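The chain contents come next:
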Amino acid sequence: RSTQSRSSAASDVYKRQVSTQSTWGLQIKLFFQIMSQKPVALSKKTEKVRVSVRCRPMSPQEMTDSRQVIVQVNEKRGEIFVKNPKSDVQEVPKQYTYDVVYDWNSLQEDVYAQTAYPIVESVLEGYNGTIFAYGQTGTGKTFTMEGVYDNSKLAGITPRAFEHIFKSIQASSNKQFMVRASYLELYNEEIRDLLSKNYIQKLELREKPDEGFYVKDLSAFMIQNKEEMLEKLLFGKKNRVTGETKMNQTSSRSHSLFQITVEMAQTGADGETHIRQGKLNLVDLAGSERQSKTEATGDRFKEGININQSLTALGNVISALVESKGGHIPYRDSKLTKMLMDSLGGNTKTLMIANIGPADYNFDETISTLRWANRAKNIKNQPKINEDPKDAMLREYQEAVSYTHLRAHETPEHLVCRLLLEKKKK
């Protein structure tokens, strides 16, 4: 019996060992199966760049020259049709589809309400937003972005955004706001501060590991109302480089960026003050141009070369974002693409308005713009609300209000600037 008991006990131990080995074997097998699978990307909320196209009317000169209209616009379906003037009559026009399209009868008010309004609303919630116009020189980019400031019907996106922001601030009773404005231009690959007294001075474009590219020593002014904001814009416009070409009497010879930073503070359910920061970038790109058409010489010719090179770099970035899957994006090829890095594939809600002309002699440029815009609508951004940002000046302002060393006749705004300068010196 004792021999049978020992034999039975040994059998039980053997079974447990086999069972344990089988369990470990199964676990190891599962481990290698899992490791051999492709990694699953963490889900992030993305949204595509919103793209609209606007076609200007025929110019008086084009009508005098009896130019042919080759562009058709179907606003209801968001479609643009372009007929090749050199093609056979039976050839089907090229067709493109976008989020929103506008013909030559479109109103400034409608363009803003349908395209720019949602972006500005998002900025007031704490998102970053970018609106930029692109297209051949003389197609109405500046009119779309700026328009006629003192005319309620002809005012463009920029002055309407000013009014929108301050109306929203006035209607809010449970938040504190601080609004700042900066204005720069990129001229011949040189960055200039259009709000500085020494606006000809070149500024440096630097990079912070966590924040991306920024312009060192770019001035920022606290703004109290839309009138002050418009005053700053008009001051900067006087400093911006423009010039006459055969295609455009007041051609923009530089890219410009007017940035509005809106900080808002609100007491949360936890009794703590929480700050959100939204940034609105209003970008007016200089138009792409061909020397054979602009007949530019001297400085105008050099400007045109630099404009086209930066726009080519921008086009390369857009193509890389759409075509490459996790590959290299050539943001560093141009200062323009460095400054727009966050707007293309980053933490920003972005709207692009492509401007085109209707005349037959601009067929190649029109197709190029539409293809460019067609690629841009496939770019995916990952916008998120900027909560309690490190560079929030509103917190500095709140501290300044209770600051015991407020100098005589010194406003809290001046104190904030003084404290920031003192911090930099330290």
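Everything discussed here concerns the structure shown above.
In what follows, the accompanying structure is described. (Residues numbered from 1 in each chain as written. Predicted model: local features only at pLDDT ≥ 70, side-chain atom pairs only at ≥ 80, totals over all residues. Heavy atoms only, no water.)

Another point: the nonpolar core. In this structure, Ile-80, Tyr-98 and Leu-314 are the most contacted members of the largest nonpolar core, which totals 43 residues. For this core, the secondary-structure elements that each account for two or more residues are strand S2 (50-55), strand S4 (79-82), strand S7 (128-135), strand S8 (176-187), helix H8 (298-323), strand S18 (349-356) and helix H10 (363-376). Not counting residues up to four positions away in its chain, the partners in contact with Tyr-98 are Val-51, Val-53, Gly-78, Ile-80, Leu-370, Ala-373, Asn-374 and Lys-377. Within the second largest apolar cluster, 35 residues are counted, among which are Ile-131, Phe-162, Leu-194 and Val-262. (Core = buried A, V, L, I, M, F, W, Y, C linked by side-chain atoms within 4.5 Å. Buried < 20%, exposed > 50% of the residue type's maximum accessible area, 1.4 Å probe, protein only. Helix = DSSP H or I, 4+ residues; strand = E, 2+ residues; numbered from the N terminus. Contact = heavy atoms within 4.5 Å.)

On to the pattern of salt bridges. Summed over the entire model, instances satisfying the criterion amount to 15 salt bridges. Between Arg-77 and Glu-79 there is a salt bridge, with the nearest N and O atoms lying 3.3 Å from each other. The class for Arg-77 is exposed, based on a relative accessible area of 57%. Owing to a relative accessible area of 8%, Glu-79 belongs among the buried residues under this scheme. Between Lys-226 and Glu-163 there is a salt bridge, with the nearest N and O atoms lying 3.8 Å from each other. Of this pair, Lys-226 sits in helix H6 (residues 226-239) while Glu-163 sits in helix H5 (residues 157-171), and the two are 63 residues apart along the sequence. Classification of Lys-226 as partly exposed rests on a relative accessible area of 32%. For Glu-163, a relative accessible area of 30% translates into the label partly exposed. Shared partners join several salt bridges into a network, and the residues in it are Glu-163, Lys-167 and Lys-226. (Salt bridge = Lys/Arg side-chain N within 4 Å of Asp/Glu carboxyl O.)

With respect to the secondary-structure elements, Leu-203 resides in strand S10 (residues 202-203). Sequence separation between Leu-203 and Asp-217 is 14 residues; the distance between their C-alpha atoms is 7.1 Å. Leaving out residues up to four positions away in the same chain, Leu-203 has contacts with Ile-191, Asp-193, Val-215, Lys-216, Asp-217 and Leu-218.

Moving on: the packing of helix H3 (residues 108-123) against H5. Running from N to C, H3 and H5 point in directions that differ by 50°, and their axes come no closer than 10 Å. One way to sum up the angle between H3 and H5 is to call them oblique. Seen from above, H3 lies across H5 with right-handed handedness. Across from Gln-108, Glu-109, Val-111, Tyr-112, Ala-116, Tyr-117, Val-120 and Glu-121 in H3, the residues of H5 making contact are Ile-157, Arg-160, Ala-161, His-164, Ile-165 and Ser-168. When grouped by side-chain class, the residues that make up the contact of H3 with H5 number eight nonpolar, three polar and three charged. (Axes fitted to C-alpha atoms, helices over the stretch in contact; angles between N-to-C directions. Parallel < 35°, antiparallel > 145°, perpendicular 65-115°, else oblique. Left-handed = near helix turned anticlockwise from the far one by under 90°. Nonpolar A, V, L, I, M, F, W, Y, C, P; charged D, E, K, R; others polar.)

Next up on the list: H6. With 14 residues, H6 extends 20 Å between its outermost C-alpha atoms, agreeing within 8% with the 20 Å of an ideal straight helix rising 1.5 Å per residue. Among the residues making up H6, those that are buried are Met-229, Leu-233, Gly-236 and Asn-239. An end-on view of H6 places all buried positions within 115° of arc, on one side of the element. Those residues of H6 that are exposed and angled more than 90 degrees off the buried face are Glu-231 and Lys-238. Turning to H6, the residues buried within the fold contact H5, S8, strand S13 (221-223) and strand S16 (255-267). You can read the cap of H6 off the contacts: a side-chain oxygen lies 3.2 Å from the backbone nitrogen of Glu-227, and it is on Asn-225. (Expected span 1.5 Å × (residues − 1). Arc of directions from axis to C-beta. Polar contact = N/O pair within 3.5 Å; in protein donor to acceptor, adjacent residues only side chain to side chain.)

Here we have three strands laid out as an open sheet, ordered S3-S4-S5, and antiparallel in their pairing. Only two strands of the sheet have a single neighbouring strand rather than two, namely strand S3 (71-74) and strand S5 (94-97). With strand direction ignored, the average angle separating the axes of adjacent strands in the sheet is 20°. Direction of pairing for S4 relative to S5: antiparallel, over a ladder of four bridges. By the bridge assignment for S5, Phe-81 is matched with Gln-95. (Pairing = 2+ DSSP bridges.)

So, to be careful, I would describe these as geometric facts and stop short of saying anything about function.
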